[in-house]
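So the chains spell out like this:
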Amino acid sequence: MKIAAIETVVFDLPTKHPHKLAMVTITTQSMLLVRVKGDNGLEGLGEASVVLRYGSETIEGVQAAVEHYLAPPLIGRDPANIEEILAVMDGILKDNWCAKGVIEMACVDLVARTLNVPAAVLFGGSVRESIPVLRVLGNGVAEKDIALAEEAMAAGSNNRFLVKLGRADPKDDVERALAVKAALGDRAIVHADANQCWNEATANWCIERLEAGGIALIEQPLPRSDVDGMRRLTERHTIPIMADEAIDTLESAMAFARNRAADAFSIKITKHGGLHRTKKVAAVAEAAGITMFGGTMLESTLGTFACIQFYSTIVRLDWGCQMFGPLLFKDSITVEQPEYRNFAITVPRKPGFGATIDEDKLTFYRRK
Ligand code: MUC
Ligand code: MG
């Protein structure tokens, strides 16, 4: 099979309520749909979702990188030769993980659909039928976060939550996270994510209090480049420390593994530049005894289907996944909707990622 065409569409999905992160407040999330068309008449779908100031890419930049640089030399190549596809893209642009990752994602979907197997089969097969799913609480106000968590628990969609910190005064942040944990008690697991906002002294002060108040895990407390600081926090505190922004390339994952600078990694397909590269990062983590979390970049249903298909193959996914995007958005651009049940998301068994585009919805949400 050969790649006959690669097409892109930017679309913007509104959220049900503002989602406040340290970097940005999201009311509309911009995503890029990539369709890789095979000469066999089938197409593979990929989705890139970008959170501004999380990494360095923008959705318009990802589209330009795909359209102008990465896609043209891939036409006529076999999408099953993923290592070759990755090498060709690396020969054209440095980094640009999101742009490379979304093309690779669509190639994987196309190959799996052509073989008529779920994409998980290409990554060793699923080791679970559903994945416990954490919901990020991004209201920035304890009462609203608690109300949202109670609603999610009553609906059976989530009993794991994450409080976003790093935006406010550290003392207020800690108070808010502890208020959420105190209200939910033993009924829920609560993580905290500082998205690189603290220095080491602040992190030590906050982590001691968060741990004492029953928070289960601390994500990316320090700036991404601070491997030594993350190692010291990991050694000093009993509560698990997770690396997120700090690990993107295989080399950065190796540096964290070698230094044991985290207890856990948040892995993400587009952050690492595709499913194959994410599997390599997972292998480094596994070898170092580092557990994993199936992270999100706030994907819509399409990207969510791709992520859960892949995450179902990760053996040490001890922290479950964070694929709550479809619960935050008002609408979706796929015919199929993910199933959230028993606090977990079901892994579909359909060919590829198991998602098809609702063309009317895409027409409505595509950027004009
Ligand atoms: C993260 O884990 O930092 C993107 C959306 C969200 O809620 O969190 C970020 C990712
Ligand atoms: Mg994070």
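Given the structure is predicted, the values throughout are model-derived calculations rather than measurements. (Residues numbered from 1 in each chain as written. Chains lettered and ligands numbered in written order. Predicted model: local features only at pLDDT ≥ 70, side-chain atom pairs only at ≥ 80, totals over all residues. Heavy atoms only, no water.)

1. Some words on the side chain of His237
Here is step 1 of the chain: Structurally, the position occupied by His237 is in the loop between α7 (227-236) and β9 (241-243).
Here is step 2 of the chain: Note on His237: relative accessible area 7%, which makes it buried.
Here is step 3 of the chain: Reaching out from His237, the side chain makes a polar contact with the side chain of Asn204 at a distance of 2.7 Å.
Here is step 4 of the chain: Those residues within four positions of His237 in sequence are excluded, and the remaining contacts are Asn204, Ile207, Glu208 and Glu211. (Helix = DSSP H or I, 4+ residues; strand = E, 2+ residues; numbered from the N terminus. Buried < 20%, exposed > 50% of the residue type's maximum accessible area, 1.4 Å probe, protein only. Polar contact = N/O pair within 3.5 Å; in protein donor to acceptor, adjacent residues only side chain to side chain. Contact = heavy atoms within 4.5 Å.)

2. Description of the coordination of the magnesium ion (ligand 2)
Here is step 1 of the chain: Coordination of the magnesium ion (ligand 2) by the protein comes from Asp193 (OD), Glu219 (OE) and Asp244 (OD), over a distance range of 2.0 to 2.2 Å.
Here is step 2 of the chain: Spacing between the donor residues of the magnesium ion (ligand 2) along the chain follows D-x25-E-x24-D. Taken together, the residues span a long stretch of sequence, with Asp193 in strand β7 (residues 189-193) and Glu219 in strand β8 (residues 217-219) at a distance of 26 residues.
Here is step 3 of the chain: Using a relative accessible area of 0% as the deciding quantity, one classes Asp193 as buried. (Donors = N, O, S within 2.8 Å, 3.2 Å for Na, K, Ca; no water.)

3. As for the pairing of strand β2 (residues 25-38)
Here is step 1 of the chain: With 10 of 14 residues buried, β2 is to be regarded as a mostly interior element.
Here is step 2 of the chain: Across 13 bridges, the pairing between strand β1 (residues 3-20) and β2 is antiparallel. Its bridge partner being in β2, Val9 is matched across the sheet by Leu33.
Here is step 3 of the chain: The hairpin formed by β1 and β2 contains four residues between the paired strands.
Here is step 4 of the chain: Relative to strand β3 (residues 43-49), β2 is paired through seven bridges, and the arrangement is antiparallel. By the bridge assignment, Val36 is partnered in β3 with Gly44. (Pairing = 2+ DSSP bridges.)

4. Digging into the sheet that holds strand β11 (residues 291-294)
Whether parallel or antiparallel, the strands of a sheet pair through hydrogen bonds between backbone atoms.
Here is step 1 of the chain: The parallel open sheet is built from seven strands, whose spatial order is β5-β6-β7-β8-β9-β10-β11. Strands at the two margins of the open sheet, each flanked by one partner only, are β5 (134-137) and β11. On average, adjacent strands in this sheet sit at an angle of 30° to one another, irrespective of strand direction.
Here is step 2 of the chain: Taken together, the two bridges between β9 and strand β10 (residues 264-267) define a ladder with parallel strand orientation. (Axes fitted to C-alpha atoms, helices over the stretch in contact; angles between N-to-C directions.)

5. Some words on the site of ligand 1
Here is step 1 of the chain: Taken together, 15 residues lie near ligand 1, and His19, Lys164, Asn195, Glu219 and Asp244 sit nearest.
Here is step 2 of the chain: With respect to ligand 1, the side chain of Lys164 contributes an N or O atom lying 2.9 Å from an oxygen atom.
Here is step 3 of the chain: Relative to its free-state accessible area of 280 Å², ligand 1 is covered by the protein chains to the extent of 100%.
Here is step 4 of the chain: Looking at side-chain class alone, the shell around ligand 1 contains six nonpolar, four polar and five charged residues.
Here is step 5 of the chain: The residues that make up the shell around ligand 1 include at least three from each of domain 1 (3-116) and domain 2 (121-346). (Near = heavy atom within 4 Å. Areas by Shrake-Rupley, 256 points an atom, 1.4 Å probe, with all protein chains shown as cover. Nonpolar A, V, L, I, M, F, W, Y, C, P; charged D, E, K, R; others polar. Domains from an automatic or database assignment.)

6. With respect to the domain arrangement of the protein
Here is step 1 of the chain: Its domain assignment divides the protein into domain 1 (3-116) and domain 2 (121-346).
Here is step 2 of the chain: Look at where the C-alpha atoms of domain 1 and domain 2 centre, and you get two points 23 Å apart.
Here is step 3 of the chain: Listed by partner, the interface residues are 40 residues for domain 1 and 42 residues for domain 2.
Here is step 4 of the chain: One can count two salt bridges joining domain 1 with domain 2. (Salt bridge = Lys/Arg side-chain N within 4 Å of Asp/Glu carboxyl O.)

7. Describing helix α1 (residues 59-70)
Here is step 1 of the chain: Burial in α1 covers these residues: Ile59, Val62, Ala65, Val66 and Leu70. Down the axis of α1, the buried set is contained in an arc of 120°. They therefore lie on one face.
Here is step 2 of the chain: In the core, the buried residues of α1 are packed alongside β1, β2, β3, α2 (82-90) and α3 (97-115). (Arc of directions from axis to C-beta.)

8. Describing the pattern of salt bridges
Here is step 1 of the chain: Scanning the entire structure with this criterion turns up 27 salt bridges.
Here is step 2 of the chain: Here Asp90 ties to Arg277 by a salt bridge, and the two come within 2.4 Å at their closest N and O atoms. Taken together, the residues Asp90 in helix α2 and Arg277 in helix α10 (residues 275-288) connect sequence positions 187 residues apart.
Here is step 3 of the chain: Overall, the relative accessible area of 33% leaves Asp90 in the partly exposed class.
Here is step 4 of the chain: In this structure, Glu200 engages Arg232 in a salt bridge whose closest nitrogen and oxygen atoms are separated by 2.8 Å. Placement of the pair is Glu200 in helix α6 (residues 200-212) and Arg232 in helix α7, with a sequence separation of 32 residues.
Here is step 5 of the chain: Given a relative accessible area of 36%, Arg232 falls into the partly exposed group.
Here is step 6 of the chain: Overlapping salt bridges bring together Glu7, Arg35, Lys37, Glu43 and Glu359 as one network.

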